[in-house]
Amino acid sequence: MCGIVGIVGATPVADRLLDGLKRLEYRGYDSAGIATAVDGRIERRRASGKLIHLAEVLQGDPLPGSTGIAHTRWATHGGPTTNNAHPHATGEVALVHNGIIENFKPLRDELTARGRTLESETDTEVVAHLVSEKVEAGMAPADAVREVLPRLHGAFALAILFRQHPDLLVGARLGSPLVVGYGDGETYLGSDALALAALTQRIAYLEEGDWVVITREGAQIFDRENNPVERPVTISGVTGELVSKGNHRHYMLKEIYEQPIVVAQTLRSYLQRMEERVTLPIPDFDLSAIRRVTIVACGTSFYAGMVAKYWFEQFARVPVDLDVASEFRYRAPVMEEGGLMIVISQSGETADTLAALRHAKSEGQKIAAVVNVPTSTMAREADLLLPTHAGPEIGVASTKAFTCQLAVLAALAANLARAKGRLTPADEKSIVRHLAEAPAALNGALAYDESIEAMAHSVAAARDVLYLGRGTDYPLALEGALKLKEISYIHAEGYAAGEMKHGPIALIDDAVPVIVIAPSGPLFDKTVSNMQEVQARGGRVILISDYDGVQAAGENCLATITMPKVHPLIAPLVYAVPVQLLAYHVAVAKGTDVDQPRNLAKSVTVE
Ligand code: G6P
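Residues numbered from 1 in each chain as written. Predicted model: local features only at pLDDT ≥ 70, side-chain atom pairs only at ≥ 80, totals over all residues. Heavy atoms only, no water.

**Observations regarding helix α18 (residues 571–590)**
It helps to recall that an α-helix has 3.6 residues per turn; residues three or four apart then point in one direction. For α18, built from 20 residues, the straight-helix expectation of 28 Å at 1.5 Å per residue is met to within 8% by its first-to-last C-alpha distance of 29 Å. Counting buried residues in α18 gives 17 out of 20 residues, a clear majority hidden from the surface. Remark: Gly 591 follows α18 within two positions and exhibits a positive phi of approximately 75°. (Helix = DSSP H or I, 4+ residues; strand = E, 2+ residues; numbered from the N terminus. Expected span 1.5 Å × (residues − 1). Buried < 20%, exposed > 50% of the residue type's maximum accessible area, 1.4 Å probe, protein only.)

**Here we look at the UniProt feature "domain: SIS" (unreviewed entry) in the protein chain**
The feature "domain: SIS" (unreviewed entry), as annotated in UniProt, sits at residues 282–422 and 455–597 in this numbering. Measuring from the first to the last C-alpha atom of residues 282–422 gives 20 Å, for a span that is 42% helix and 20% strand. Taken end to end, residues 455–597 is 43% helix and 20% strand, and its first and last C-alpha atoms sit 22 Å apart. (UniProt positions renumbered as here; feature names shortened; annotations may be inferred.)

**Quick word on the side chain of Gln 580**
The topology assignment puts Gln 580 in helix α18. Here the side chain of Gln 580 touches Thr 399 through a polar contact of 3.5 Å, landing on its backbone oxygen. Each residue touching Gln 580, except ones within four places of it in the same chain, is listed here: Met 252, Ile 256, Gln 259, Thr 399 and Phe 402. (Polar contact = N/O pair within 3.5 Å; in protein donor to acceptor, adjacent residues only side chain to side chain. Contact = heavy atoms within 4.5 Å.)

**Digging into the side chain of Lys 400**
Positionally, Lys 400 belongs in helix α12 (residues 400–419). Those residues within four positions of Lys 400 in sequence are excluded, and the remaining contacts are Glu 255, Glu 258, Gln 259, Val 262, Ala 390, Gly 391, Pro 392 and Glu 393.

**Things to note about the site of the ligand**
Around the ligand, the structure places 14 residues, and the nearest of them are Ser 301, Ser 345, Gln 346, Ser 347 and Thr 350. Contact distances for the ligand include 3.0 Å between an oxygen atom and a backbone N or O atom of Val 396. Burial of the ligand by the protein amounts to 91% of the accessible area it has alone, namely 390 Å². (Near = heavy atom within 4 Å. Areas by Shrake-Rupley, 256 points an atom, 1.4 Å probe, with all protein chains shown as cover.)

What follows is the structure in structure tokens.
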């Protein structure tokens, strides 16, 4: 997945394209490039690595032209080299692409058989050549693109620049998002409203199969049958300000620290504090007929879903299926009448999760979407939008979105339980009170930042790390391991504490730190037994528990982290903080790029 910006402008565009790319770097940062139409030719500047390198190239070799396209890349086909960087160009056209052209091999063979030379290893370049062939044969830009689109299989958002037509761009979308922005005497294309935030707030979202010709005067949009269509222009709430790190060294740390505020902000939409009732943003959405819940998500959002499974089953007694989105669609899932699919996604654009949503919708399921970007595709396609109010999350490793997702899911589980007649008013009051305590408890957890930082070096030297937990602490163990892997590049695994004896115990020695997440409570003794099995084999344990837990079992540990004592309902939110902070400080100790770890991207819009 990659980020795209295009401008048909009244003044030079290179700086503004670069600014748009800065807002899209969360989509990938393997390479970047810009092309403009200048004096009857196409000019390109490209650089491998992060955007700063492209900025340096542009400084040394500025790019004139008031119509252009730009791209920040997350490599799929072909390494992250300058040669594979977009835009891909022939003499006649230049093109940027987000997605994957799945049939690029036969198309490539066909093009080479016709004597064309392709320069890169990408799937994208074939599209540039196919369009170019039509243009070279005398076709107008719109006709050329219209003829080529049906030949492309896979997913794409495209923006195409034409040498002989410096007054227009053509865009197209299938499976990857693309928006049109309307300015004053200028028109834009972008992967999302954020890309265009500094240029305009007036945004039209293209629908699947749409393609568009933009000029300075506006946009002509066509659907997949090539009929002219109108897409409504909405006013995006995304501001032009680039989010700053404040006083923090990294976005990730800032976002970890924002959690008490954003969780409180999120809960406000789901709790009626005075009445001590849980509520939904669409209060009359009927949950009483829901007989089964299917939760689908990716990455950290998946682990939020895994925690929620415990809550839905415990409170509402509704069976829950849980799947990573990339597996869900391809295993012929059984979806009966009365099913609710819950998709969970920070970005609301993750391709696998979106595909699962669409599949479930086509099978008659009701769709609830827990998303952080309210203008995202998932938000727009869901029956029940359940927003998290985490604000923009910039760090690639998700933190505040996770705890906000948990807050929403806990409230949804309680709403479902009430709708199913399984929640007494007293239980509902108790859930509201405990959830309302979460922001203060998160603050309490943040107070241990320094002591977590002090112990980070003992993990930073490790090659492998194991995380153990039971019940809702099991998904947290998985999330802890994911965070550590993502940003410190240390191999880490999360395991259900009781399952350790069936395999991972063979890994235990004094070089493998074992992080045990065990708040005191009904499962504490069982988890401590598993912890002792580790210690009996020379394993070094870091115990994360509350005061009682640390007193009871902290004695022979390498280190302990003491959390505030909280109700089990909000423990997953609170215990997320130490696992996030530990991963953060280990990564800082190792000197990795915390906010933009290698090979990753924040929004994964390819399957
Ligand atoms: C990427 C990000 C993760 C995120 C996952 C799901 O892998 O690096 O931080 O959890 O995508 O993203 P979503 O936007 O759907 O929550």
